[in-house]
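In case you want the letters, here they are:
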Amino acid sequence: MKNIVIGRYIPGDSFLYRMDPRVKLIALFILFVAVFVIDELLVMGLALLGILVLLPLGKISLKKVYFGLRPLLFLLIFTFVFQILFNTQGRLLGTLRLTFDPLNVALSVGIFAAWLFLKRFTSFTFISFLVMVAGVLTLLSQLTLLASFGSFTIAIYEEGLLFAIFILLRLVIIVTLSTILTITTKPTDLNLGLERVLKPLKIIRVNTEEIAMIIGISLRYIPTLLDEANKIILAQASRGVDFQEGKIKDKVVQIISLLVPMFIISFQRSDELANAMEARCFVPGKPRTRLNQLTWKPLDTAVLVVTLTLMIVSIGVRILW
Amino acid sequence: MPLIELQDVSFSYGKTPAIDQLSLTVEAGEWVTIVGPNGSGKSTLAKLLIGLLKTQQGTIQVAGETLDETTVQGIREKIGIIFQNPDNQFVGVTVKDDIAFGLENLSVPYEEMLKRIDHYSKAVGMDAYLDKEPSQLSGGQKQRVAIAGTLAMKPELIIFDEATSMLDPTGRQAMLEIMHALKASGKTILSITHDLKEALPADRVLVMHEGRLLKSGTPRDILRDEPLLKKARLTLLEPFKYMNQLAKKKQLTDEWEALLWQSAFTL
Amino acid sequence: MAIRLHTVSHTYTAINQPAVHALKDVTLTIDATDEFIALVGETGSGKSTLVQHLNALMAPTSGTAELFDVTISAESFKDKSIKKTPIRKRIGLVFQFPEYQLFEESVLKDVAFAPKNFGLSQADAEEKAKHALSLVGLDDTYYARSPFHLSGGEKKRVSIAGILAMEPDILVLDEPTSGLDPQSQKMLMDVFESIQRTTHISIVFITHDMNWVEAYAKRVLVMQSGELVFDGAPDALFNHPELSVWKMDLPDRKKVLNYLQSQFKLQTPMDDFTQLLNAINGEGDQ
């Protein structure tokens, strides 16, 4: 639980850290638009290259970004495979005919089981997963000694493969950019930046300060909640709940035994927290001064200019290409 | 004029009365400790004083002003409160933010805010932790931050509502030292506790039971009163046991009493 | 020996945070019967981490924990064929806050939860639950009540009954008296003492209050910065020269007697007030 990196600030110092959070949010938005405007794989590749240059400049290691990507790996792979398998446009690049016979199926299951067993002892889960998949595919396509009882053909088309890579790059870029934002921005600053950026919404009667306050308090209590969830799991485990095993029926009770205490503790907390806030003269909607001040620096203007240029270029490329 | 004056105040959750026709006064500069068992109405009283609960009967006056909807904000500026659970009153993402929270609410200007954060974080010995997050602090440190955040708002009265009950002895000791310093600086202290050691330094001890005031007196009188404390589910501190032991044998001289009283402060 | 920790270390690691050495080479044995052990130490000294090693909720980063017939180490902990729940049944751990475990709509159902998890029928589990509730002094008027509408002390007792209902050989309690008023604290400690006396199970409790250590514990363990620095009788601890180094308090009685003794310039330490009086009066008579 302690290794969740999504939305987590990691202290450091670089121009990315020194930027005004408002500018970071706006720049992120501009870059998102740019990434969605791009429709050429080559340009997308250039964009990824740009990010790979940005990371060392901003003193952010690939490892940190990987930790941000990791929870989404499954989604990325799924999208990628889905595109390859079901997009049948363009030239046929090649086919892989999988034939199933008792021996190779049994061996495949064996490889899968071995992977399941071994992955606990290796720190390269993802790589070992790829090796496992490659092994299974090789087996099923090459080794057919006994009478087969079925077959399946994977056909890969040029368009499908290129589009799959394109989509993958786009997702990786978006997630990486967001991860850079959260790694380099303190939650308080991010929140304050969000409040200021959303301020124009006040015209349509959205109370941006209250939203910011709610987000801020949520951010503050996420570690506490995780910690508590962990303790509740341990407390129930001490009463014989085995969260790793159990039938579906048991699972339901297990989850209830976790959720009920979480809810009750959270309700009590929100009650006490509201009291503490009111006692310290908090009145919703009343104007407040702020400890955290935002300062717009020349760096921020420069970043905005660069990102805007990138967006205009990507729009230009799309229209003119 | 007393700083706090309650007249015939009653409050009940549903049918069970939590506060039952309670009248009491607290003078400015006084250290008053309220003791009593869980459920005696101590914490309800604290919530009534800062207007988190509304009296159903009777009046509460703070510095001559009657507490009602129009005065509650002004009165909250005069009264600070530290609650029991260190985790559930830490509003800011960092120590600095948390101390600033009340100041932001009072619209204190930026420069002044910085000055007060600096001053009060030093006063509670948390100035080295300004950028730390609550998950990096112990319970006692979080409570000290809560005190700094309250003091920064410059209240006249500070209520400690079981504020030490979730702390270890070190955390508790640090809190007591801060309370002594506050008293010395002229603040009024209202401490609600079931730890009789926190009653020792008080000017006056109030014993509550079932929403009523059983007795008000000096710590010397109250802490020796075994039947009274028993009723309030409290146990005599060691030196007062000895006092009663001597008194029974009619051997309690003034010297002994003074000596045993002094020994209580080693606890 | 029921529990045998051998050079157990535990290190918490999180990305971008310095590693925390919560336990350092702790070696310790605990018997399955008739122990009454107090575990003391400052906040952050590793007490809570230690007790979570006692019922296989955590694995040592290095070293081994022999818990009855199962040996838990960093490697064996990951092995799913080694079941941890049977250990947790024999070594019951009660967490500090009852709020972490209470979830059923009635007290009886909540206390019956653990025995049911260990395969007992509803009726048998409720039998065990009723017995456990009687041990902590809650009668049948409590059975149907919601655990959420009880006082702090009652919740605590229900949560303890919830573990006792498993009939553990060893009962481990993380700060059982915190947040309660003095008489409820004493009542609870008396409950533990009577359970210990009647069932002869071993009890380990974490506390900050030296008065309870003095009054109830037969053995005391002192933790400091992840190390077990003392393992012995309470009296030996109170007379230990390094007591203040470990930031440990004396019980109230000792503090007061020591103060009086120094005031009267008496040489020998006094066990109680009467002895002190006799010593003073004896001197006066001569």
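These figures come from a predicted structure and were not determined experimentally.

Rules used in this analysis
Residues numbered from 1 in each chain as written. Chains lettered and ligands numbered in written order. Predicted model: local features only at pLDDT ≥ 70, side-chain atom pairs only at ≥ 80, totals over all residues. Helix = DSSP H or I, 4+ residues; strand = E, 2+ residues; numbered from the N terminus. Rg over C-alpha atoms; globule rule 2.2 N^0.38 Å. Buried ≥ 20, exposed ≤ 12 C-beta atoms within 10 Å, placed from the backbone. Contact = placed C-beta atoms within 7 Å. Axes fitted to C-alpha atoms, helices over the stretch in contact; angles between N-to-C directions. Left-handed = near helix turned anticlockwise from the far one by under 90°. Nonpolar A, V, L, I, M, F, W, Y, C, P; charged D, E, K, R; others polar. Pairing = 2+ DSSP bridges. Right-handed = clockwise from strand over helix to strand, strands pointing away. Expected span 1.5 Å × (residues − 1). Parallel < 35°, antiparallel > 145°, perpendicular 65-115°, else oblique. Domains from an automatic or database assignment.

Things to note about the overall build of chain B
When its secondary structure is counted, chain B shows 10 helices and 10 strands. Since a compact globule built from 267 residues should have a radius of gyration of about 18 Å, the 19 Å found for chain B is in line with a globular shape. Reported as C-alpha extents along the three principal axes, the dimensions of chain B are approximately 65 × 45 × 35 Å. Taking all 267 residues of chain B together, the buried fraction comes to 51%. For chain B, the proportion of contacts with a sequence separation of at least 24, taken over those separated by at least 6, is 66%.

Examining the packing of helix 3 (residues 95–105) of chain B against helix 5 (residues 139–151) of chain B
All names here are of chain B. Following both chains from N to C, one finds helix 3 and helix 5 inclined at 35°, their axes separated by 7 Å at the closest point. In this structure, helix 3 crosses over helix 5, and the sense of that crossing is right-handed. Contacts from Val 95, Asp 98, Ile 99, Phe 101 and Gly 102 of helix 3 reach helix 5 at Val 145, Ala 148, Gly 149 and Thr 150.

Points about the interface of chain B and chain A
With 30 residues of chain B at the contact, the number on the chain A side is 26 residues. Every element with two or more residues in the side of chain B that touches chain A is listed here: helix 2 (72–78), helix 3 and helix 4 (110–123) of chain B. With 7 residues, the single largest contributor to the side of chain B that touches chain A is helix 3 of chain B. Here the residues of the side of chain B that touches chain A are counted per class, giving 14 nonpolar, 10 polar and 6 charged.

Some points on the pairing of strand 8 (residues 202–206) of chain C
Residue and element names in this part refer to chain C. Among the 5 residues of strand 8, 5 are classified as buried, and the element is accordingly described as predominantly covered. Of the two faces of strand 8, the one carrying Ser 202, Val 204 and Ile 206 and the one carrying Ile 203 and Phe 205 are both buried. As paired elements, strand 3 (residues 36–40) and strand 8 share 4 bridges and run parallel to each other. Note that in strand 8 the partner of Ala 38 across the bridge is Phe 205. Bridging between strand 7 (residues 170–173) and strand 8 involves 4 bridges; their strand directions are parallel. Across the sheet, residue Leu 171 finds its bridge partner in strand 8, namely Ile 203. Taken together, strand 7, helix 7 (residues 182–199) and strand 8 constitute a β-α-β crossover, and its handedness is right-handed.

Considerations on helix 6 (residues 152–164) of chain C
All names here are of chain C. Helix length check: helix 6 (13 residues) gives 18 Å between terminal C-alpha atoms against 18 Å at 1.5 Å per residue, within 8%. Of all 13 residues making up helix 6, 10 are buried, and the element is well covered by its neighbours. Those residues of helix 6 that are buried lie in contact with strand 6 (91–94), helix 4 (107–117), helix 5 (122–135), strand 7 and helix 7.

Observations regarding the packing of helix 5 of chain B against helix 6 (residues 169–184) of chain B
Residues and elements named next belong to chain B. At a closest axis distance of 8 Å, the pairing of helix 5 and helix 6 adopts a crossing angle of 20°. What the angle tells us is that helix 5 and helix 6 run roughly parallel. For helix 5 against helix 6, the interelement crossing comes out right-handed. Packed against helix 5, whose contacting residues are Gly 139, Gly 140, Gln 143, Arg 144 and Ile 147, the element helix 6 presents Thr 170, Gly 171, Ala 174, Met 175 and Ile 178 at the interface.

Details of the environment of C:Thr85
Along the chain, the position of C:Thr85 falls in helix 3 (residues 85–90). Remark: the alpha-carbon pair of C:Thr85 and C:Asn55, spanning 30 residues in sequence, is separated by 8.8 Å. If near-sequence neighbours (up to four positions away) are discounted, C:Thr85 is found in contact with A:Gly240 and A:Asp242.

Things to note about the sheet that holds strand 4 (residues 57–62) of chain B
Residue and element names in this part refer to chain B. Strands sit in the order 2-1-4-5 across an open sheet of 4 strands; the sheet is antiparallel. Edge positions in the open sheet fall to strand 2 (16–26) and strand 5 (65–66), since each of these has one partner strand only. By the bridge criterion, 2 bridges tie strand 4 to strand 5 in an arrangement that is antiparallel. Bridge pairing links Val 62 to Glu 65 in strand 5.

Concerning the sheet that holds strand 9 (residues 204–209) of chain B
Residue and element names in this part refer to chain B. The 6 strands lie next to each other as 6-7-8-3-9-10, forming an open sheet whose pairing is mixed. Every other strand in the sheet has two partners, leaving strand 6 (79–82) and strand 10 (212–217) as the edge strands with one partner each. On average, adjacent strands in this sheet sit at an angle of 20° to one another, irrespective of strand direction. Direction of pairing for strand 6 relative to strand 7 (residues 157–161): parallel, over a ladder of 4 bridges. Directly across from Ile 79, in strand 7, lies its bridge partner Leu 157.

Thoughts on helix 1 (residues 42–49) of chain B
Since the α-helix packs 3.6 residues into each turn, any two residues three or four apart lie on the same face. Residues and elements named next belong to chain B. Most of helix 1 sits inside the fold, with 8 of its 8 residues counted as buried. Every buried residue of helix 1 is accounted for by Lys 42, Ser 43, Thr 44, Leu 45, Ala 46, Lys 47, Leu 48 and Leu 49. Looking one or two places after helix 1, you find Gly 51, whose phi comes out positive at around 70°.

Topic: the interface of chain B and chain C
Counting residues at the interface gives 23 residues for chain B, matched by 22 residues for chain C. Taken together, the elements giving at least two residues each to the side of chain B that touches chain C come down to helix 6, helix 9 (238–248) and helix 10 (254–264) of chain B. With 4 residues, the top contributor of residues to the side of chain B that touches chain C is helix 9 of chain B. In the side of chain B that touches chain C, the residues fall into 9 nonpolar, 11 polar and 3 charged.

Here's the deal with the domain arrangement of chain C
All names here are of chain C. Each assigned domain of chain C is listed with its residue range as follows: domain 1 (3–250) and domain 2 (251–286). Taken over C-alpha atoms, the centre of domain 1 sits 37 Å from the centre of domain 2. Contact residues are listed per partner, giving 6 residues for domain 1 and 5 residues for domain 2. Looking at the side of domain 1 that touches domain 2 element by element, the count peaks at 4 residues for helix 8 (residues 210–216).

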